[in-house]
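# Remarks on the overall topology
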Amino acid sequence: MFCYQCQETGRNKGCEFGGVCGKSEDLADLQDLLIYTLKGISEIIIKGKLDIKNISYVNHQVIKGLFMTITNANFNDDVIIMKIEQMLSIRNELRTKVSVKNLHDAATFEIETMNDMVYKASYVGAVPKDKEDVRSLKHLILFGIKGLAAYTYHALNLRKEMEKLYAIIYEALAATLETDLTIEYLVALSMKVGEAGVNAMALLDEANTSQYGNPETTKVNIGVRNNPGILISGHDLTDLEQLLEQTKGTGIDVYTHSEMLPSHYYPAFKKYDNLAGNYGNAWWKQEDEFVSFNGPILFTTNCIVPPNSEDVRSRIFTTGISGFPGCVHIESDSNGKKDFSKIIELAKTMKPPVEIEKGSIVGGFGHNQVFALSDKVVNAVKTGAIKKFFVMAGCDGRMESREYYTQFAKKLPMDTVILTAGCAKYRYNKLGLGDIGGIPRVLDAGQCNDSYSLVMIALKLKEVFGLQDINDLPIVYNLSWYEQKAVLVLLALLYLGVRNIHLGPTLPAFLSPNVIKILVDNFGIAEIGAVDDDIKLLMEI
Ligand code: SF4
Ligand code: SF3
C-alpha cells in the first residue's frame, strides 16, 4: 500500500504499512483497485463519447465508489470487493457500447479469482510511474474529485443532480491515466475541478435548503436528557430525517455528532422534539465520547475511528457509503427508504447518555441568515467595529499541532469575527468568544460543504462595498484540512480567485515542492507558522 491522501499520513510522507487512520494494507490496496477500475470506466466513457444522460446508473455508482474511498468512510474489505466486482461488470458492459481501440489496462484488465484481485490490487496503487510533479497534480485532482463525488452524492440523495459534475469526474479520472500531460494542462484541470466544486456545493446547498429550509440562528443544547439516545454522525441529512421520523413517539432521543451538528440550524428539523441536542466534539474524540454516550451510533458518512472497545463496536451501525467490519449496515430500498428499527430497538435497552458538557452553542449563519443581518454586518465594518473576518473552515484532526487553531481563535483581536464551516469549528466553538454589537464572533455556517455559504457571504460583501476583487475585502483565510472534501473546498476557493490562503496544520504530503511553488507563486498559499506571527501577518493583508 501507499496512501497519502489525508493530512495525518505517516511522517507527512505516506502510509505504507497500514494507515494512521486504521486502514489495513489490504483495504488500502482494494480501494486503489476500485479507483483504478473507476478510471477505466471513465476512459471508456470519454474516449467512447458516451452520452452521460443515458448512463445515470453508472454515474450514481461511480460517485458512490469514489466516496467510499474517502478517509475514514469505509473500512469493510468485503464491501469494497463487492463494489469492485460491480464496477468491473459495469465497465465490461460499457465497453461493448464503444468501438475504441487501445484502451488502457484499467479499462480492460480481467480478474477471475480472489487471488487475481489481491495481486492486481497490490500494484495499481497511488504511486504511478509519472514524474514527481505530474504525479502530485494527478493526486491533487483525484483527491479533489473524491470530495466532489461526496457532495454530488449527498445532493443526489435529495434527488438533485447536474450532468456537468459527472462529466468533469470522468474527464479528470480518465486524464489521470494519460502519460503525456503537461504541468500547465494539469493545473488547468485542477481549476476545472475547483469550478465543479463550487457548482457541487451550490447544488447541495440548493438541495438542502429547498428540502429543509434556510439555516437560521439557532441555540443547540450540548447537554443531555434522561431518555436513551441514538447518536447520528456524518453528513447525510436525509438519514437524519428518516431517523427522526422513525424515532418519533418511541421515547428515544436523537443526538447529533460532529458534522451532523449543523442539521439543528434547518427549520425542518426544529419540529422534532426528539432531536435532543449535539453530543461530543469532532470525529477524533469519538473513542471516549461513544463510551459515555451509552446508546447506538449511526454513521452516515466519514469519519469513523476504528473502535477499540467491543462494547462500542457492538453499538455502531453504518449506512450509505460508510462501513465497518462486524457492524450492522442498513441499506436503503430502491426508493431511498431505510429501516432503522434495529437501531431503535437496541436503543430501548440502553441507558441514557452520560452528560459530558452543559449549556448550548450558537450556529446557523448560512448565507441567507447572514444576508438578513447584512445591514448590521456592513455597518459594523464601516464603523470599524469589525476590522477583519477570518475564514477558519475545514476539518479537525487528532494532531497536537491543531491546538494552533484554538490559540489562534483565542488570541485574535476582539474586533475580528471567525467565519467557520466543517468540523474545524470544534477547536473554538465552545470558547465563549463573545459578540460584536450582537454579532457572534464565531459564525458557524454549517458542514464543510457549507463553505459555499462563506463564499456567498464574501461575494455579497464585495457587491455591497462595490469592490472589483474578492481579495480587497477585509476577509482572510486560515483553513485547516484533513480529508479529501477539504481538498475540493481548497480548489474551489482557488478557482474563485481567493489569494493568500493559509493552510495547515501541514501542507498536503501529495504536493511536490514544485507544485507547492506553483501554488505559492500563483495563489499566495502559505503554510501556517507561529500563532502570533500569523495573526500579525493576516491582520495586515
Ligand atoms: Fe494514511 Fe490518511 Fe491514507 Fe489513512 S487515509 S492510509 S491515514 S494517508
Ligand atoms: Fe470533518 Fe471527517 Fe473533514 Fe466535513 S467529519 S469536515 S474531517
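How each quantity is defined
Residues numbered from 1 in each chain as written. Chains lettered and ligands numbered in written order. Predicted model: local features only at pLDDT ≥ 70, side-chain atom pairs only at ≥ 80, totals over all residues. Heavy atoms only, no water. Helix = DSSP H or I, 4+ residues; strand = E, 2+ residues; numbered from the N terminus. Rg over C-alpha atoms; globule rule 2.2 N^0.38 Å. Buried < 20%, exposed > 50% of the residue type's maximum accessible area, 1.4 Å probe, protein only. Contact = heavy atoms within 4.5 Å. Areas by Shrake-Rupley, 256 points an atom, 1.4 Å probe, with all protein chains shown as cover. Lys, Arg positive; Asp, Glu negative; His and termini not counted. Charge placed at Lys NZ, Arg CZ, Asp CG, Glu CD. Pairing = 2+ DSSP bridges. Axes fitted to C-alpha atoms, helices over the stretch in contact; angles between N-to-C directions. UniProt positions renumbered as here; feature names shortened; annotations may be inferred. Domains from an automatic or database assignment. Buried area = accessible area lost by both parts, 1.4 Å probe. Salt bridge = Lys/Arg side-chain N within 4 Å of Asp/Glu carboxyl O. Parallel < 35°, antiparallel > 145°, perpendicular 65-115°, else oblique. Left-handed = near helix turned anticlockwise from the far one by under 90°. Nonpolar A, V, L, I, M, F, W, Y, C, P; charged D, E, K, R; others polar. Near = heavy atom within 4 Å.

## Focus: the overall build of the protein chain
Secondary structure assignment for the protein chain yields 20 helices and 16 strands. Against the globule reference of 24 Å for 541 residues, the protein chain gives a C-alpha radius of gyration of 23 Å, in line with a compact fold. By the burial criterion, 60% of the 541 residues in the protein chain qualify as buried. Considering only contacts in the protein chain between residues 6 or more positions apart, those separated by 24 or more positions represent 75%. Just so you have it, the protein chain exposes about 20,500 Å², and 51% of that area is on carbon and sulfur atoms. Here the protein chain carries 55 positive and 65 negative side-chain charges, and the mean point of each set is 3 Å from the other.

## What to know about the sheet that holds strand S9 (residues 388-391)
If you walk across this open sheet you meet the 6 strands as S13-S10-S9-S14-S15-S16, and the pairing is parallel. Where the open sheet ends on each side, the last strands, each with one partner, are strand S13 (442-444) and strand S16 (526-527). Relative to S16, strand S15 (residues 502-504) runs parallel, the two sharing 2 bridges. If you follow Leu503 over to S16, its bridge partner there is Glu527. Contacts between helix H17 (residues 451-464) and the sheet are confined to S9, strand S10 (416-420) and strand S14 (475-480), with S14 contributing the most and set at about 170° to the helix.

## Regarding the UniProt feature "binding site: [4Fe-4S] cluster" (unreviewed entry) in the protein chain
In the numbering used here, UniProt assigns the feature "binding site: [4Fe-4S] cluster" (unreviewed entry) to Cys3, Cys6, Cys15 and Cys21. The greatest C-alpha distance among the residues just named is 10.7 Å, despite their covering 19 residues of sequence, which places them together in space. Setting aside chain neighbours within four positions, we find Cys3 in contact with Thr9, Gly14, Cys15 and Lys23. With residues up to four places along the chain from it excluded, the contact list for Cys6 reads Thr71, Trp481, Tyr482 and Gln484.

## What about the domain arrangement of the protein chain?
In many analyses, interface size is given as the accessible surface area lost on bringing the parts together. Partitioning the protein chain into domains gives domain 1 (10-211) and domain 2 (218-348). One C-alpha centre belongs to domain 1, the other to domain 2, and the line joining them spans 28 Å. Opposite the 18 residues of domain 1 that make contact, domain 2 presents 19 residues. For the pairing of domain 1 and domain 2, the buried interface totals around 1,500 Å² over both sides, and the portion due to carbon and sulfur atoms is 58%. The largest share of the area that domain 1 buries against domain 2 comes from Asn72, Phe75 and His154, three residues that together contribute 33% of it. Taken together, the links from domain 1 to domain 2 amount to 0 salt bridges.

## Some details on the packing of helix H2 (residues 56-68) against helix H6 (residues 132-157)
In contact at an axis separation of 8 Å, H2 and H6 are set at 125° when each is read in the N-to-C sense. By the angle class used here, H2 and H6 are oblique. Two packed elements cross with a definite hand, and for H2 against H6 that hand is left-handed. Contacts between H2 and H6 involve His60, Ile63, Lys64, Leu66 and Phe67 from the first element and Ile145, Lys146, Ala149, Ala150, Thr152, Tyr153, His154 and Leu156 from the second. Of the residues assigned to the contact of H2 with H6, the class counts are 8 nonpolar, 3 polar and 2 charged.

## What about the site of ligand 1?
Around ligand 1 sit Met1, Cys3, Tyr4, Gln5, Cys6, Thr9, Cys15, Gly19, Val20, Cys21, Lys23 and Thr71, and those are all the residues in its vicinity. For the shell around ligand 1, the per-class residue count stands at 7 nonpolar, 4 polar and 1 charged.

## As for the sheet that holds strand S4 (residues 275-278)
Strand order in the open sheet formed by 6 strands is S4-S3-S2-S5-S6-S7, with parallel pairing between adjacent strands. Two strands close off the open sheet at either side, each with one partner strand: S4 and strand S7 (328-330). Recorded for the sheet is a direction-independent mean angle of 25° between the axes of neighbouring strands. Packed on one face of the sheet, helix H11 (residues 286-293) meets strand S2 (229-233), strand S3 (253-256), strand S5 (297-299) and strand S6 (316-319) and runs near 160° to S2. The strands that helix H13 (residues 341-348) touches are S2, S5, S6 and S7; relative to S2, the one it contacts most, it runs at about 135°.

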